[in-house]
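# Examining the three-dimensional arrangement
Next come the chains, spelled out residue by residue.
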Amino acid sequence: MTALEDTFRTRTGEAPYGTWFAPGRVNLIGEHTDYNDGFCMPFALPHRVTVAAGPRKDGQWVITSQNKHETVTVAPADLTPGRPGWSSYAAGVVWALRQAGYDIAGADLVLESDVPVGAGLSSSAALECAVLTALAELNGLDIAGMDRARLARTAENEFVGAPTGLMDQAASTLCTAGHALFFDCRDLTVEQVPFDSATFGVEVLVLDTNTPHSLVDSEYAERRTSCHEAARQLGVTALREVSADGLGDALTALADPLLRKRVRHVVTENERVRQARQALRTGSLDELAPLLDQSHASMRDDFEITVPTVDLAVETARAAGALGARMTGGGFGGCIIALVPAGRTDEVGEEVARAFAEAGYAAPAWFTATPSAGAGRLR
Ligand code: GLA
């Protein structure tokens, strides 16, 4: 019996019906493109939220967080958007399923997470997707993967109130081990692109800059608004419709220099995601690595979502031998990823730690990531 099952049994007096999980993610490339109907290419982390769950007869959802050592009871009357606290991610999933017309019976849920929180690794999407996977099976619902991702995003957008795109929930739900997920955010189609970093002779270093990202919510919303305003001025539904070839004309058509920069990021980033997919297909590190550098420069100079700690981490990683590096996730802190020659990730991490200490920044944390499985049943 796992520790999670043990807690479940102690709390409810019964064995769980099953145990499900959903992972956090890093995004290899394609940032702030999802809500512009563009492309991105995340992969799932081995870090995950695990949920032991079983049915309850009283129509309530009783949710325990092993991490918080807290149990919250949610009755149908409590399913009101804007509810504060960690349990809103789970309650939001119940709400989204019910909004979509599914009959969701009461349940006991015991959650545990090893996805770092506040690091931009989608710990909230992992929680939503894990709960959704558990509730879908408990209630005998057959919901297609992309629809599950969309329901989890509805919980995030409309119940929790964070105006994110679909990338994180799609990654957590649809990724498969050994692959990056090429995701077309307009067609809602995916391609599993084999990504075994060993064949490139590299490892993927994920380094958390441990930067408190207080601006992330307001700045994220501002970028979304700017992109939609630029699309409106260009007469397109979404910036996805501006091709790399059409970028020059689009920039000429926009009077506001800020909107020009935002559009240049999104259009060039979409192009880089396609090129990165091609580089993965052909196994060309020489093509892949510079795309990460270019993506970072674009986020720093055009989309203006990086911060000094993140830029220092990327520069130091590159100087210490990484072949390409970029910030990953929404921005204003969080993690960088770097393609590092196999066996040298700790050396690169330690160089960044030294540079952070010299600059007076908090110590970073790092690990090496391999593309892992998306949501599923564990036991
Ligand atoms: C956050 C959001 C995603 C995506 C990224 C930026 O992770 O949740 O939808 O927009 O930022 O690429």
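For clarity, every value in this text was computed on a predicted model and none was experimentally measured. Throughout, a residue's number is its position along its own chain's written sequence, starting from 1. Local features in this predicted model are restricted to residues whose pLDDT is 70 or higher, and side-chain atom pairs enter the listing and the counts only when it is 80 or higher, whereas totals over whole chains, interfaces and linings include all residues. No hydrogens and no water enter the side-chain calculation; it runs on all heavy atoms of the structure.

### Focus: the overall build of the protein
- Labels follow the DSSP assignment, with helices taken as runs of H or I lasting at least four residues and strands as runs of E lasting at least two, numbered in each case from the N terminus. Scanning the protein from N- to C-terminus turns up 11 helices and 12 strands.
- Each radius of gyration reported is based on C-alpha atoms, and the globular scaling rule is 2.2 Å times the count of residues to the power 0.38. The C-alpha atoms of the protein give 21 Å as radius of gyration, which agrees with the globular expectation for 379 residues (21 Å, within 12%).
- With respect to the principal axes defined by its C-alpha atoms, the protein has extents near 60 × 50 × 40 Å.
- A 1.4 Å probe rolled over the protein chains alone gives each residue an accessible area, and that area as a share of the maximum for its type sets the label: buried under 20%, exposed over 50%, partly exposed in between. Each of the 379 residues in the protein was classed as buried or not, and the buried ones make up 55%.
- Here the analysis covers contacts within the protein between residues at least 6 apart in sequence; of these, 72% occur between residues at least 24 apart. We call two residues in contact whenever any of their non-hydrogen atoms come within 4.5 Å of each other.

### Description of the site of the ligand
- Residues are classed as near a molecule or strand on a simple rule: at least one heavy atom within 4 Å of it. Lining the immediate environment of the ligand, one finds Arg25, Glu31, His32, Asp34, Tyr35, Thr164, Gly165, Met167, Asp168, Tyr220 and Gly330.
- Between the ligand and Arg25 there is a distance of 3.0 Å, counted from an oxygen atom to a side-chain nitrogen or oxygen.
- Within the contact set of the ligand, an oxygen atom lies 2.6 Å away from a side-chain nitrogen or oxygen of Tyr220.
- We get accessible surface area from the Shrake-Rupley algorithm with a probe of 1.4 Å; when it comes to residues, only the shown protein chains can shield them. Summarising the interface, the protein chains cover 93% of the accessible area of the ligand, which totals 310 Å² for the free molecule. Under this definition, polar contacts are N or O atom pairs within 3.5 Å; protein pairs additionally need one hydrogen-donor-capable and one acceptor-capable atom, and for neighbouring residues in sequence, both atoms have to be side-chain atoms.

### Digging into the domain arrangement of the protein
- Note that domain bounds follow an automatic or database assignment of domains. What the domain assignment lists for the protein is domain 1 (3-192 + 373-377) and domain 2 (196-369).
- Here domain 1 and domain 2 have C-alpha centroids that lie 26 Å from each other.
- In this complex, domain 1 contributes 34 residues to the contact, which on the side of domain 2 involves 43 residues.
- Contact between domain 1 and domain 2 buries roughly 3,100 Å² in total, counting both sides, with carbon and sulfur atoms accounting for 64%.
- The quantity reported as buried area is the accessible area (1.4 Å probe) lost by two parts once they are put together, taken as the sum for both. Counting the surface domain 1 buries against domain 2, the share from its top three residues, Ile29, His32 and Tyr35, is 21%.

### Some points on the side chain of Arg223
- Secondary-structure assignment places Arg223 in helix H6 (residues 216-234).
- Using a relative accessible area of 3% as the deciding quantity, one classes Arg223 as buried.
- Not counting chain neighbours up to four residues away, the residues in contact with Arg223 comprise His32, Tyr35, Arg262, Phe303, Glu304, Ile305 and Phe332.

### Some thoughts on the nonpolar core
- Met41, Val51, Leu121, Leu135, Val206 and Leu280 are the most contacted members of the largest nonpolar core, which has 69 residues in total.
- Residue contributions to this core peak at nine residues, all from helix H3 (residues 123-138).
- Both of domain 1 (3-192 + 373-377) and domain 2 (196-369) provide at least three residues apiece to this core.
- When residues no more than four places from it in sequence are discounted, the contact partners of Leu135 are Val93, Val94, Leu97, Ile104, Ala107 and Leu109.
- Put simply, a nonpolar core is a bunch of buried Ala, Val, Leu, Ile, Met, Phe, Trp, Tyr and Cys residues held in one set by side-chain atoms that sit within 4.5 Å of each other. Grouped together as the second largest cluster of nonpolar side chains are 38 residues, Tyr35, Val242, Val314 and Ala322 included.

### Here we look at the pattern of salt bridges
- Throughout this description, the term salt bridge denotes a Lys or Arg side-chain nitrogen within 4 Å of a carboxyl oxygen of Asp or Glu. For the coordinates displayed, the defined rule picks out 26 salt bridges.
- Close ionic contact of Arg326 with Glu31 constitutes a salt bridge, the shortest N to O distance being 2.6 Å. Placement of Arg326 in strand E9 (residues 324-328) and of Glu31 in the loop between strand E1 (18-29) and strand E2 (39-55) is noted, with a sequence separation of 295 residues between them. Residue Arg326 shares its accessibility class with Glu31, and that shared class is buried.
- Lys261 is paired through a salt bridge with Glu304; the nearest N and O atoms lie 3.5 Å apart. Remark: Glu304 occurs in the loop between helix H9 (285-301) and helix H10 (308-319) and Lys261 occurs in helix H8 (residues 257-282); sequence separation between them is 43 residues.
- We classify Lys261 as partly exposed; its relative accessible area is 25%.
- Of the residues examined, Glu304 reaches a relative accessible area of 31% and is grouped as partly exposed.
- In the salt-bridge network here, residues are joined through shared partners; they are Arg11, Arg56, Asp58 and Asp108.

### Observations regarding unusual backbone geometry
- Phi is positive for Ser122, close to 65°, though the residue is something other than glycine.
- Here Ser122 is to be found in the loop between strand E5 (107-113) and H3.
- Of note, the phi angle at Glu304 is positive, near 50°, even though the residue is not glycine.

### Notes on H9
- For a helix, the expected span equals 1.5 Å multiplied by the number of residues minus one. Across its 17 residues, H9 extends 24 Å between first and last C-alpha, which sits within 8% of the 24 Å expected from 1.5 Å per residue.
- If you check which residues of H9 are buried, you get Leu285, Leu288, Ala289, Leu291, Leu292, Ser295, His296, Ser298 and Met299.
- Check the buried side of H9 and you find it contacts E1, strand E8 (202-208), H8, H10, E9 and strand E10 (335-341).

### Looking at the packing of aromatic side chains
- The aromatic pairing rule takes the rings of Phe, Tyr and Trp, using the six-membered ring of Trp, and pairs them if the centres are within 6.5 Å, calling planes under 30 degrees apart stacked, those over 60 edge-to-face and the rest tilted. Throughout the structure, instances matching the rule amount to seven aromatic pairs.
- Considering the side-chain rings of Phe195 and Phe200, the 5.9 Å spacing of their centres and the 65° angle between planes classify their relative orientation as edge-to-face. As far as the burial class goes, Phe195 and Phe200 line up, both buried.
- What links up through ring pairs into an aromatic cluster is the set Phe43, Phe195 and Phe200.
- Note on criteria: charge over ring means Lys NZ or Arg CZ within 6 Å of the ring centre, with the direction from the centre no more than 35 degrees off the ring normal. Above the plane of the ring of Phe21 lies Arg48, whose end atom (NZ or CZ) is 3.6 Å from the centre.
- In this structure, Arg277 is placed above the aromatic ring of Phe182, and the distance from its NZ or CZ to the ring centre is 3.9 Å.

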